[in-house]
Amino acid sequence: MVMGLGPLLLVFMLGLGLTPPALTQDDSRYKHFLTQHYDAKPRGRNDRYCESMMERRGLTAPCKDTNTFIHGNKGSIKAICGNENGNPYGEDLRLSKSPFQITTCRHVGGSPRPPCRYRATSGFRHIVVACEHGLPVHFDESFFRP
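Residues numbered from 1 in each chain as written. Predicted model: local features only at pLDDT ≥ 70, side-chain atom pairs only at ≥ 80, totals over all residues. Heavy atoms only, no water.

**A few points about the overall build of the protein chain**
When its secondary structure is counted, the protein chain shows three helices and seven strands. A total of 146 residues make up the protein chain; the buried ones form 34% of that total. Of the contacts formed within the protein chain by residues at least 6 apart in sequence, a portion of 62% connects residues at least 24 apart. For the protein chain, the exposed surface amounts to about 9,200 Å²; the carbon and sulfur share of it is 58%. (Helix = DSSP H or I, 4+ residues; strand = E, 2+ residues; numbered from the N terminus. Buried < 20%, exposed > 50% of the residue type's maximum accessible area, 1.4 Å probe, protein only. Contact = heavy atoms within 4.5 Å. Areas by Shrake-Rupley, 256 points an atom, 1.4 Å probe, with all protein chains shown as cover.)

Encoded structure:
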């Protein structure tokens, strides 16, 4: 009987060893999404805000053309990945059911090298994200609804 449990125990232990890295990878993609696109309580939402945030978040080497910061709470953003605050959009994306306060920063300088200059546009709009395992991992900058 002990001989029969050995292989089963080995398979179980290997399964445990493989699960955390997959979860960690998902978590790191979500954290990267938050770093690039989430700012709960912005101070000002003008050009200076964009220049400061883009540099602080490591998006200026080279100067990123466009980046949007979502303001609000993480729970509402995560909920886009489920039915609570999101609907399917296109093949692999989710459209928020509710609008979010956002600030979009667009690069206005000629050179992609720092110092980077940005123009801020703020407003409220529905957003589109890609999700993996119930977490947002990509913001779709191409979606603009008036």
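So, next bit.
**Some points on the environment of phenylalanine 100**
Tracing the sequence through the fold places phenylalanine 100 in strand 4 (residues 100-107). Of the residues examined, phenylalanine 100 reaches a relative accessible area of 5% and is grouped as buried. Every residue in contact with phenylalanine 100, bar those within four places of it in the chain, is listed here: Ile70, His71, Ser76, Ile77, Ile80, Asn85, Gly123, Phe124, Arg125 and Ile127.

**A closer look at the nonpolar core**
Of all hydrophobic cores here, the largest spans 13 residues; its most connected members are Phe33, Ile70, Ile77, Phe100, Ile127, Val129 and Phe139. Looking at this core, the elements with two or more residues in it are helix 1 (2-37), strand 4 and strand 7 (135-139). Not counting residues up to four positions away in its chain, the partners in contact with phenylalanine 33 are Tyr38, Ile70, Ile77, Val129, Pro136, Val137, His138 and Phe139. The next biggest cluster of nonpolar side chains, apart from the first, holds 11 residues, and it includes Tyr49, Cys50, Met53 and Phe69. (Core = buried A, V, L, I, M, F, W, Y, C linked by side-chain atoms within 4.5 Å.)

**Comments concerning the sheet that holds strand 3 (residues 93-96)**
Pairing is antiparallel across the open sheet formed by four strands, whose spatial order is 2-3-6-7. The strands lining the two open edges of the sheet, one partner per strand, are strand 2 (86-89) and strand 7. With strand direction ignored, the average angle separating the axes of adjacent strands in the sheet is 45 degrees. In this sheet, strand 6 (residues 128-132) lies alongside strand 3 in antiparallel orientation, the contact comprising three bridges. When the sheet's bridge partners are listed, leucine 93 is paired in strand 6 with alanine 130. (Pairing = 2+ DSSP bridges. Axes fitted to C-alpha atoms, helices over the stretch in contact; angles between N-to-C directions.)

**Section: the sheet that holds strand 5 (residues 118-125)**
The three strands are arranged 1-4-5 in an open sheet whose pairing can be described as antiparallel. Each edge of the open sheet carries a strand with a single partner, namely strand 1 (66-71) and strand 5. For this sheet the average axis-to-axis angle between neighbouring strands, irrespective of direction, equals 20 degrees. Note that strand 1 and strand 4 share six bridges and pair antiparallel. Residue pairing in the sheet places histidine 71 in a bridge with glutamine 101 of strand 4. In the packing of helix 2 (residues 47-56) onto the sheet, contacts are made with strand 1, strand 4 and strand 5, and the angle to strand 5 comes to roughly 100 degrees.

**With respect to the packing of aromatic side chains**
Tallied over the entire structure, the rule returns one aromatic pair. With a centroid separation of 6.0 Å and 75 degrees between ring planes, the pair formed by tyrosine 49 and phenylalanine 69 is classed as edge-to-face. With a gap of 20 residues between them, tyrosine 49 in helix 2 and phenylalanine 69 in strand 1 connect regions that are remote in the sequence. A single burial state applies to tyrosine 49 and to phenylalanine 69, both of which are buried. (Phe/Tyr/Trp six-rings, centres within 6.5 Å; stacked < 30°, edge-to-face > 60°.)

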